[in-house]
Amino acid sequence: MQQLPLSVVNTSAPLDDGEEQEPREECGVFGVWATGEDVAKLSYYGLYALQHRGQEAAGIAVGDGQQVLVFKDLGLVSQVFDEQTLSSMPGHVAIGHCRYSTTGSTTWENSQPIFRTTSAGNGVALGHNGNLVNTAELAERAVEVGVAGGRPRNAATSDSDILTALLAHAAADRTLEQAAMELLPTVKGAFCLTFMDEHTLYAARDPHGVRPLSLGRLDRGWVVASETAAFDIVGASFVRDIEPGELLAIDEDGVRSTRFAEPTPKTCIFEYVYLARPDSVIHGRSVHSTRVDIGRRLAREHPADGDLVIPVPESGTPAAVGYAQESGIPYGQGLMKNAYVGRTFIQPSQTIRQLGIRLKLNPLREVIRGKRLVVVDDSIVRGNTQRALIRMLREAGAAEIHVRIASSPVKWPCFYGIDFASPAELIANGGGADSMEAMVESVRAAIGADSLGYISLDEMTAATEHAGESMCRACFDGVYPIPLPDSTSMGKAVLENMLKAGTQGDPLQAENDNASALRRP
């Protein structure tokens, strides 16, 4: 494992009142093999259940034994697909994908599934959840074998596109399954893949199992999905988690399992804290139960004198329930969330921007007026949201505001599939604090709370009921289980920068927006 040094980054600049960019996961993947079923519609509903994992683009690929048809576009699942489109995609095997980008910009070309054709004329479609750390190395290999050189100007620039190109190239003179067994051991980073040809569904998970991926059973087939909640939506029963380092092939003969690497589990702890749906189960542990338990442990570690425990909806709700149960302080709904405010491509006016958090949350004044509030949130990243929220609650008449956070301080960037703010923007690194107590006090003062408490990393881990050594906690402790390359080989725009630099000389010398990430927390 790789330990990055913790250096203090100056974030003493005033926090703005704008809306904070929340941590966002890269993607959700779904796959189905089922004869006699409407696999396109099953994929549509599966993606609906996974929409929280990515809202930039959505796509579905369907195979009918003769060809692979792909339809994708920018937007939410409900915006991309309609009844007519889904009805025009018959077949027995399909994969689906919803995307938020961590490698490659938001363009139609980077939306997934990615499609390539082998030299034998067979179609290959692929969807990817996660983020690779050897993208630059794989891109150079693609150039060497002639599947990336001379690409058109508007070509895809994602690690997923490189994977698909290499997979299709390797399948020229062998089966897709054999090609995957050759390629996957050379791929480094976090990846959950669903891919397919005209006949067969495949699913693979990286040797560390950073991101979740599960297998489910239909009456007439099989499904795979990033989260088990998708099985409930399509009427599938959970069978098991796909193991780290495992490749599944699903066709008319059933499910075949092959190991392409020895498992060294490092499940992302942030899936339990924030990313996954509370009604999902990861490695046998309910996400909802984990978050309620975190709230109980948080109440024991950081008690507060309060009249009412309120969550910051929705992700803070289970932890707030647990906090109230353990503390004996009544639980209540003090904030109402607008369920229809999601990602928007319409920039707000200055007047609306100044309203900030009110676009999403509004206080129930009669509930909170005169109360000493314990406000439970899932995490603090930059602190803008919490500062605006506390100001709003005080204006609504709250007597005191005690903030309790259901995760440890986020201090390091993620390179395995979560798009945090840049290291310099993480508020837990600010103020020049040289101890945990000083850091907490600095953050408390910055957001304007009467008190502030974070759950400890050990207690947060214990709530998952998994051993710390089996989890990735890098964004909290700076210990990276998958070795990271030189910083010039990383970053969201690494492939765009390689294309700008050209394929002559060293393509990795181009600057990128993460070039200093490894030199900072």
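What you are looking at is a predicted structure, and each value in this text was computed from that prediction instead of being measured.

Turning our eyes to something else, we now look at the sheet that holds strand S14 (residues 246-251). Ordered in space as S7-S8-S9-S10-S14-S15, the 6 strands form an open sheet in which the pairing is antiparallel. In this open sheet, the two edge strands, each paired with only one partner strand, are strand S7 (114-117) and strand S15 (254-259). Pairs of neighbouring strands in the sheet enclose a mean axial angle of 20°, with direction left out of account. In this structure, S7 lies alongside strand S8 (residues 123-132), joined through 4 bridges in antiparallel fashion. Within S8, the residue paired with Ile 114 across the bridge is Leu 126. Sitting on the sheet, helix H5 (residues 159-170) touches S7, S8 and strand S9 (189-196), and the angle it makes with S8 is about 140°.

On to the packing of aromatic side chains, then. Tallying each qualifying case throughout the model produces 10 aromatic pairs. Look at Tyr 44 and Tyr 48: their rings are 5.6 Å apart centre to centre, the planes differ by 75°, and that puts the pair in the edge-to-face class. With Tyr 44 and Tyr 48 both in helix H1 (residues 39-49) and 4 residues apart, the pair spans about one turn of that helix. Tyr 48 sits in the partly exposed class, given a relative accessible area of 44%. Ring-pair connections join several aromatic residues into one group, and the members of that group are Tyr 44, Tyr 45, Tyr 48, Phe 71 and Phe 81.

The next thing to look at is the environment of Ala 339. Its place among the elements puts Ala 339 in the loop between strand S20 (335-337) and helix H11 (350-355). Distance from Ala 339 to Glu 314, taken between C-alpha atoms, is 9.6 Å for residues 25 residues apart in sequence.

Right, let's get into the UniProt feature "binding site: [4Fe-4S] cluster" (unreviewed entry) in the chain. Feature annotation in UniProt places "binding site: [4Fe-4S] cluster" (unreviewed entry) on Cys 268, Cys 414, Cys 472 and Cys 475, given in this structure's numbering. Spanning 208 residues, the named residues form one tight spatial group whose C-alpha atoms are at most 10.2 Å apart. Along the chain, Cys 268 falls in strand S16 (residues 267-268). The class of Cys 268 is buried, set by a relative accessible area of 5%. Dropping the residues within four chain positions of it, Cys 268 is found in contact with Val 210, Arg 211, Ile 418, Met 471 and Cys 472. By the element assignment, Cys 475 lies in helix H16 (residues 474-477). Overall, Cys 475 belongs to the buried group, its relative accessible area being 8%.

Time to look at the nonpolar core. If you look at the biggest cluster of nonpolar residues, it comprises 46 residues, and the most contacted ones within it are Phe 270, Val 309, Tyr 323, Tyr 416, Met 460 and Phe 476. Every element with two or more residues in this core is listed here: helix H8 (269-275), helix H9 (287-301), helix H10 (317-327), strand S22 (372-377), helix H15 (457-463), strand S26 (471-472) and H16. By residue number, the principal contributor to this core is H8, which donates 6 residues. Counting the residues that make up this core, at least three belong to each of domain 1 (24-265) and domain 2 (289-338 + 356-462). Here Met 460 is in contact with Ile 269, Val 273, Ile 294, Ala 406, Ser 407, Ser 408, Ile 455 and Phe 476, once residues within four sequence places are set aside.

Attention shifts here to the pattern of salt bridges. Applying the stated rule across the entire model yields 22 salt bridges. Note that Asp 450 is salt-bridged to Arg 394, the shortest N-O span being 3.0 Å. Taken together, the residues Asp 450 in the loop between helix H14 (436-447) and strand S25 (451-454) and Arg 394 in helix H13 (residues 384-395) connect sequence positions 56 residues apart. Asp 450 sits in the partly exposed class, given a relative accessible area of 37%.

Attention shifts here to the sheet that holds strand S5 (residues 68-74). Neighbouring strands of a sheet are bound in pairs by backbone hydrogen bonds; such pairs are parallel or else antiparallel. Spatially, 7 strands are ordered S5-S4-S6-S3-S12-S11-S13 in an open sheet, and the strand pairing comes out antiparallel. Two strands in the sheet have a free side with no partner beyond their single neighbour: S5 and strand S13 (237-241). Within this sheet the neighbouring strands show an average axis-to-axis angle of 15°, counted without direction. Across 7 bridges, strand S4 (residues 57-63) lies against S5 in antiparallel orientation. Across the sheet, residue Gly 63 finds its bridge partner in S5, namely Val 68. The strands that H1 touches are strand S3 (27-34), S4, strand S6 (93-99) and strand S11 (214-218); relative to S3, the one it contacts most, it runs at about 150°.

Criteria and cut-off values
- Residues numbered from 1 in each chain as written.
- Predicted model: local features only at pLDDT ≥ 70, side-chain atom pairs only at ≥ 80, totals over all residues.
- Heavy atoms only, no water.
- Pairing = 2+ DSSP bridges.
- Helix = DSSP H or I, 4+ residues; strand = E, 2+ residues; numbered from the N terminus.
- Axes fitted to C-alpha atoms, helices over the stretch in contact; angles between N-to-C directions.
- Contact = heavy atoms within 4.5 Å.
- Phe/Tyr/Trp six-rings, centres within 6.5 Å; stacked < 30°, edge-to-face > 60°.
- Buried < 20%, exposed > 50% of the residue type's maximum accessible area, 1.4 Å probe, protein only.
- UniProt positions renumbered as here; feature names shortened; annotations may be inferred.
- Core = buried A, V, L, I, M, F, W, Y, C linked by side-chain atoms within 4.5 Å.
- Domains from an automatic or database assignment.
- Salt bridge = Lys/Arg side-chain N within 4 Å of Asp/Glu carboxyl O.

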